[in-house]
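Given next are the chains, with one letter for each unit.
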Amino acid sequence: MPAYISILVLMLLMISVTFAIVFGVILYRVSTNAALVMSSNPITRSNVRLTVKATAAIINLVVILILDEVYGVIARRLTMLEVPKTDKSFEERLIFKTFILKFVNAFTPIIYIAFFRGRLVGRPGNYVYAYKSYRMEECAHGGCLMELCIQLSIIMLGKQLIQNNLFEIGIPKLKKLIRYIKSKRPSFQEEEREKKLQRYETDYFLEPFAGLSPEYMEMIIQFGFVTLFVASFPLAPLFALLNNIIEIRLDAKKFVAELRRPVAARAKDIGIWYNLLRGIGKIAVIVNAFVISFTSDFIPRLVYQYMYSPDGTMHGFVNHTLSYFNVSHFQEGTDPHDPMYLGYKVEVCRYKDYREPPWSPNPYDVTKEFWAVLAARLAFVIVFQNVVMIMSDFVDWLIPDIPKDISQQIQKEKILMVELFLKEEQGKLQMLETLVARGKEAKSTENCNTHSPISRSRNHKGSSGSLHSQHLDCEGGV
């Protein structure tokens, strides 16, 4: 029990490290954005958002690649502490721990941008600060969907190009070279001996086969990128397909020329990987529903068009989403440094939110439009989730896991196996009956021999008539 508690605490610690790194990247974005805005170069000021987004995404990618390797080693050590009883139990526990750590590592930055960024900023006069005077970062005027797309594309393509392709080919080659250098002998006799080595001896210099778990893990994480946030990055399936086409050939070369021959083992199915894929598929429906309803402006636009638009069009939508703020209500030290920056004194400004104006009885409280949009968003999530789940179950029922012709062939094989088993049992039964009959025949023959005239003449002296009658009786019985 203490071992399981220690493992749980260490797992939570690793996840906390991931959260801390994401928060550090947030601080980097906030500070870098403030520094670039104050730059004297107009080109730098005009490209602040793009620069901050791209550099932060690259930093996230580098951190994810490093932590993936670290978490893989930690997951193996933690699994060894549990001391599983069987190899299958060890492998399943290792896969589960590795998946949890790598999934959190890969998707935490994306989840933050999709569901948390821009929703923890507060409002004018009551901002939320990340550190001292640095405010929490906000989304662009069009929402965080574009930044989510940039972040997802850089992380997904970077992992596929660097980790899935370059590392898979480069690291085995490097290890093979190091092993060859260590075992190489400069003498002429050694070179001549190496020329005469058998194939299995030369294969010893190749990298040992580490199993299929790393390959499955790559596909699981890629499947998460393709399905969880496909609403924000519709090209993800295309890039995944292109990557898999390339990786098929790279893996073929790796398994044939860079790795030792794996030991064949029978398996009923793909094991725990199927449950992970099925779980990601279910979660993907919910995540995409929240991305469409909360990250984009799809629902607010529909609500305005059908509930608040005077003519049923989108004219006036932007003005409808903006609230009023009196600049005199800024907290001390947070008001603009130059009130005459625009050439005139600004008394009221606008910001994106659904809040009451400063002259209302409840200034800066959320309006009824906010609750209407929130209710519409939640209703969309519920409807979208159930519709997609029903369609998924219908397609699953419509297209069986095993094709009909193969299912019929399996049924025929089962029938033939049953018939063969029955024939064998009937043959065994007939053989048993034959042996029993022969046993009875041998016993009766033995009884006749014990009552024969010769044996009786040795024990008793009788008349010739009685001996003759006994001999005839035995012959008749036989």
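Residues numbered from 1 in each chain as written. Predicted model: local features only at pLDDT ≥ 70, side-chain atom pairs only at ≥ 80, totals over all residues. Heavy atoms only, no water.

**Q** What should I look at first to understand the side chain of R117 in this one?
**A** Relative to the helices and strands, R117 is located in the loop between helix 4 (87-115) and strand 1 (122-123). Among residues more than four places away in sequence, those in contact with R117 are R29, Y112, E137, E138, C139, C144 and E147. (Helix = DSSP H or I, 4+ residues; strand = E, 2+ residues; numbered from the N terminus. Contact = heavy atoms within 4.5 Å.)

**Q** I keep staring at a nonpolar patch on the surface and nothing clicks. Help me out?
**A** On the surface, L174, L177, I178, Y180 and I181 cluster together into a nonpolar patch covering about 470 Å² of accessible area. Looking at the element boundaries, Y180 is found in helix 5 (residues 145-183). (Patch = residues over 30% accessible without salt bridge, like charges linked within 9 Å, V, L, I, M, F, W, Y side chains within 5 Å. Areas by Shrake-Rupley, 256 points an atom, 1.4 Å probe, with all protein chains shown as cover. Salt bridge = Lys/Arg side-chain N within 4 Å of Asp/Glu carboxyl O.)

**Q** For this particular structure, what's the right way to read the packing of aromatic side chains?
**A** How two aromatic rings sit relative to each other is set out by the distance from centre to centre and by the angle between their planes. Under the criterion given, the structure shown has 19 aromatic pairs. Relative to F294, the ring of F290 lies with its centre 5.5 Å away and its plane at 20 degrees, an arrangement referred to as stacked. Here F290 and its partner F294 are both found in helix 10 (residues 272-295), four residues apart, which amounts to about one turn of the helix. F290 sits in the partly exposed class, given a relative accessible area of 28%. The class for F294 is buried, based on a relative accessible area of 15%. Look at F325 and Y351: their rings are 6.5 Å apart centre to centre, the planes differ by 80 degrees, and that puts the pair in the edge-to-face class. On the criterion of sequence distance, the pair formed by F325 in strand 5 (residues 322-326) and Y351 in strand 6 (residues 348-352) is long-range, its members being 26 residues apart. F325 gets classed as buried once you look at its relative accessible area, which sits at 0%. One aromatic cluster is present, formed by F99, F103, F107, F115, F225, F229, F290 and F294 through successive ring pairs. Between the NZ or CZ atom of R350 and the centre of the ring of Y324, over which it lies, the distance is 3.9 Å. (Phe/Tyr/Trp six-rings, centres within 6.5 Å; stacked < 30°, edge-to-face > 60°. Buried < 20%, exposed > 50% of the residue type's maximum accessible area, 1.4 Å probe, protein only. Lys NZ or Arg CZ within 6 Å of the ring centre and 35° of its normal.)

**Q** Before we go on, may I ask you to explain the nonpolar core in this structure?
**A** Soluble, globular proteins show a tendency: their nonpolar side chains are buried together. Counting 39 residues, the largest nonpolar core has F107, I110, L148, M156, F225, L228 and F229 as its most contacted members. Residue assignment for this core shows that the elements contributing at least two residues are helix 1 (2-37), helix 4, helix 5, helix 8 (213-228), helix 9 (236-258) and helix 10. Per element, the largest residue contribution to this core is eight residues, and it comes from helix 4. Setting aside chain neighbours within four positions, we find F107 in contact with I221, G224, F225, L228 and F229. One finds I7, M11, Y71 and L101 within the second-largest nonpolar core, a separate group that totals 11 residues. (Core = buried A, V, L, I, M, F, W, Y, C linked by side-chain atoms within 4.5 Å.)

**Q** Can you walk me through the pattern of salt bridges in this structure?
**A** Here the idea is simple: oppositely charged side chains can pair when their charged atoms come close. Evaluated as defined, the whole model comprises eight salt bridges. A salt bridge links E82 to R93, with the nearest nitrogen and oxygen atoms 2.8 Å apart. Of the two residues, E82 sits in helix 3 (residues 48-82) while R93 sits in helix 4, which places them 11 residues apart along the sequence. Where K254 meets E215, a salt bridge forms, and the shortest distance between an N and an O atom there is 2.6 Å.

**Q** Explain unusual backbone geometry here, please?
**A** Excluding glycine, most residues fall at negative phi; most peptide bonds, likewise, are trans. Unusually for a residue other than glycine, V83 sits at a positive phi of about 55 degrees. Non-glycine residue Y364 carries a positive phi angle of around 70 degrees. Among the structural elements, Y364 can be located in the loop between strand 6 and helix 13 (368-398). Classification of Y364 by relative accessible area gives buried; the value is 8%.

**Q** Help me understand empty space enclosed by the protein, please; the structure alone is not making it clear to me.
**A** Counted under the stated rule, the structure contains two cavities of 30 Å³ or more. Computed from the structure, the largest cavity encloses a volume of approximately 50 Å³. Contributing to the lining of the largest cavity are T18, I21, V22, N60, V63, I64, L67, N105 and P109. Mapped by element, the contributors of at least two residues to the lining of the largest cavity are helix 1, helix 3 and helix 4. Looking at the lining of the largest cavity element by element, the count peaks at four residues for helix 3. Taken together, the residues of the lining of the largest cavity sort by class into six nonpolar, three polar and no charged. In terms of lining, the second largest cavity is formed by V22, V25, I26, R29, N60, P109, Y112, I113 and Q151. Broken down by secondary-structure element, the contributors of at least two residues to the lining of the second largest cavity are helix 1 and helix 4. Looking at the lining of the second largest cavity residue by residue, the class counts come to six nonpolar, two polar and one charged. (1 Å grid on protein atoms, 1.4 Å probe; cavity = no way out; pocket = protein on both sides within 12 Å on 5 of 7 lines; lining within 4 Å. Points joined across faces, edges and corners; volume = space filled by probe spheres on them. Nonpolar A, V, L, I, M, F, W, Y, C, P; charged D, E, K, R; others polar.)

**Q** Help me out: how do you make sense of the packing of helix 4 against helix 8 in this one?
**A** Between helix 4 and helix 8, whose axes approach to 11 Å, the crossing angle comes to 35 degrees. In this structure, helix 4 meets helix 8 at a crossing whose hand is right-handed. Along its contact with helix 4, which presents E91, I95, T98, F99, K102, F103, A106, F107 and I110, the element helix 8 presents S213, M217, I220, I221, G224, F225 and L228. Class assignment of the residues belonging to the contact of helix 4 with helix 8 gives a composition of 11 nonpolar, three polar and two charged. (Axes fitted to C-alpha atoms, helices over the stretch in contact; angles between N-to-C directions. Left-handed = near helix turned anticlockwise from the far one by under 90°.)

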